[in-house]
Amino acid sequence: MNAFTYRNGILHAEGVALPAIAEQVGTPFYCYSTEALVANYRAYAGAFEGQDAGVCFALKSNSNLAVVRTFAALGAGADVVSEGEFKRALAAGIPADRIVFSGVGKTRQEMRTALEAGIYQLNVESIPELEALSEVATSMGVRAPIAIRVNPDVDAKTHAKIATGKKENKFGIDWDHAREVYGKAAALPGIDPVGIAVHIGSQLTDLAPFRAAFERVVELLHALREDGIDIRRLDLGGGIGIRYRDETPPDLHEYAGMVRSITGNLGCHVTLEPGRALVGNAGILVSRVIYVKKGLHRRFLIVDAAMNDLIRPSLYDAYHAILPVAEPAPGAKTSPIDVVGPVCESGDTFALQRPLPPLASDDLIAFCSAGAYGAVMASSYNTRPLAPEVLVNGTDFAVIRPRPTVEEMLAAERMPAWLKG
Ligand code: LLP
């Protein structure tokens, strides 16, 4: 579904005109659509209806409490990668027994917090982590329910920085060692090896790598059952890719059908950890044009959002569609322009030679598909306050994270005694 459409020549989020939000909160700002969040979640969970499967929203993609609560109200679980995200998930109303804790570097403190709350599962990625977890659990008089994340050595065919399932990546236990490590896990007093986890990368637009990885997991499951290890859960990692430009992401029902055909008769509960697929197209970043600069060789659209607000184009050469908030006249001529932010780095570029209709100072534009890995990856580089987040619901909207003032940012820092006065 697309919640961001032109109505009477003005780009709206559901029933709210974006200039109305800009007037109240200033620019740049992130804007999310409740309708899109709900539709995306329902479509995802719905595709798996009838399977013993649950959706654990990957908080790393968008961890705003209001967004997480929107999913919590629909029955979602959570996939978290830090104590901070774990506490967010709980604060948003997701019960601990629906939370999976992933990540290669969990500290003992994080393990303790998760076990105390009664977490559903920790996904372990190394032998030292397994040993540390066993010690922590034993000291608390419990056994930690775990899955071991295996590295199936499958090429996810996505951007190198977000591919995780090849043997040279830091993630998971090497495929060839997996059986042996499960043996070790089963012998540890604080560990209850209940599942197998796999995640080969993000923004996958082809089902084949998923299928290859899942088939390897099932192969391992049979081997482990032969070894007497009672595997009853499978965690199949992140979700399917989304359309940013002209990608053709896999059909959700085809994906769910593939999961059913591979895992359906194993007697396992399946966990899915989509992030991007639930929030990516449910959010935009709205920005105002500061200047149109005409150089000798290029034209630049200098906008008030920058790489600190949305880093994906700088970091991954990611494409985000750009829409003028005022609908261009039918047949309006476009010409190529570089869309850049005010940060003092050439990398602060959103788009090179993007064909756009004429735009002028003070015009508003929207970066599309910015709901995932947008606000969560923002920083205050150049002492630029974090862009606020706004959630729309029908004709209503609310600021769900305000923009800090520069004074608040400065007040958060401390002067050492020798520099005071
Ligand atoms: N589960 C695990 C273990 C993950 O590492 C990830 C993402 C997910 C689930 C969620 O994946 P998704 O459904 O969103 O594809 N910042 C990058 C994406 C990093 C993804 C990291 N892991 C970007 O902006 O493209």
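Each remark here, short or long, concerns the structure printed above.
Cut-offs and rules
Residues numbered from 1 in each chain as written. Predicted model: local features only at pLDDT ≥ 70, side-chain atom pairs only at ≥ 80, totals over all residues. Heavy atoms only, no water. Helix = DSSP H or I, 4+ residues; strand = E, 2+ residues; numbered from the N terminus. Buried < 20%, exposed > 50% of the residue type's maximum accessible area, 1.4 Å probe, protein only. Salt bridge = Lys/Arg side-chain N within 4 Å of Asp/Glu carboxyl O. Pairing = 2+ DSSP bridges. Axes fitted to C-alpha atoms, helices over the stretch in contact; angles between N-to-C directions. Parallel < 35°, antiparallel > 145°, perpendicular 65-115°, else oblique. Left-handed = near helix turned anticlockwise from the far one by under 90°. Contact = heavy atoms within 4.5 Å. Nonpolar A, V, L, I, M, F, W, Y, C, P; charged D, E, K, R; others polar. Patch = residues over 30% accessible without salt bridge, like charges linked within 9 Å, V, L, I, M, F, W, Y side chains within 5 Å. Areas by Shrake-Rupley, 256 points an atom, 1.4 Å probe, with all protein chains shown as cover. Near = heavy atom within 4 Å. Polar contact = N/O pair within 3.5 Å; in protein donor to acceptor, adjacent residues only side chain to side chain. Phe/Tyr/Trp six-rings, centres within 6.5 Å; stacked < 30°, edge-to-face > 60°. Lys NZ or Arg CZ within 6 Å of the ring centre and 35° of its normal.

## Notes on the environment of I94
Structurally, I94 is set in the loop between helix 4 (83-91) and strand 7 (99-101). The class for I94 is buried, based on a relative accessible area of 1%. Placed 16 residues apart in sequence, I94 and A78 show a C-alpha to C-alpha distance of 7.1 Å.

## Concerning the pattern of salt bridges
Throughout the structure, instances matching the rule amount to 14 salt bridges. The partner of E226 in a salt bridge is R179, and the shortest N-O contact between them spans 3.6 Å. A residue pair is termed long-range when its members are at least 10 positions apart, and E226 in helix 8 (residues 207-226) and R179 in helix 7 (residues 178-187) qualify at 47 residues. Residue E226 is classed as exposed on the basis of its relative accessible area, which comes to 66%. Each of R143, D192, D230 and R232 takes part in a single network of salt bridges with overlapping partners.

## Observations concerning the pairing of strand 21 (residues 396-401)
Where strand 20 (residues 389-393) and strand 21 come together, five bridges link them in antiparallel fashion. Across the sheet, residue V390 finds its bridge partner in strand 21, namely V399.

## Re the packing of helix 8 against helix 9 (residues 252-263)
It is at 10 Å that the axes of helix 8 and helix 9 come closest, and there the two elements cross at 20°. Taken together, the axes of helix 8 and helix 9 are roughly parallel relative to one another. Where helix 8 crosses over helix 9, the two elements pack in a sense that is right-handed. Here helix 8 contributes L207, F210, R211, F214, E215 and V218 to the contact with helix 9, which in turn contributes E254, Y255, M258, V259 and I262. Among the residues making up the contact of helix 8 with helix 9, the classes are represented as eight nonpolar, no polar and three charged.

## As for a nonpolar patch on the surface
A grouping of M415, W418 and L419 is seen on the molecular surface, where their side chains present a nonpolar patch of about 420 Å² in accessible area. Of note, L419 is situated in the segment after helix 12 (406-411).

## With respect to the site of the ligand
Around the ligand lies a shell of 18 residues, among which S202, G239, E273, R312 and Y373 are the nearest. Here an oxygen atom of the ligand and a backbone polar atom of G275 are 2.8 Å apart. Against a free-state accessible area of 600 Å², the protein chains account for coverage of 91% of the ligand. The residue makeup of the shell around the ligand, split by class, is six nonpolar, six polar and six charged.

## A word on the packing of aromatic side chains
Using the criterion set out here, one finds 10 aromatic pairs in the structure. Their ring planes at 40° and their centres at 5.9 Å tell us that Y41 and F71 sit as a pair that is tilted. One end of the pair, Y41, is in helix 2 (residues 34-47); the other, F71, is in helix 3 (residues 65-72), with 30 residues separating them in the sequence. Here Y41 falls in the buried class, since its relative accessible area comes to 7%. Residues F210 and F214 carry aromatic rings whose centres are separated by 5.8 Å and whose planes lie at 40° to one another, so their mutual orientation is tilted. Linking F210 with F214, this pair stays in helix 8, spanning four residues, or about one helical turn. Just as F210 is buried, F214 falls in that class too. Seen from the ring of Y120, R233 lies directly overhead, with NZ or CZ sitting 3.8 Å from the centre.

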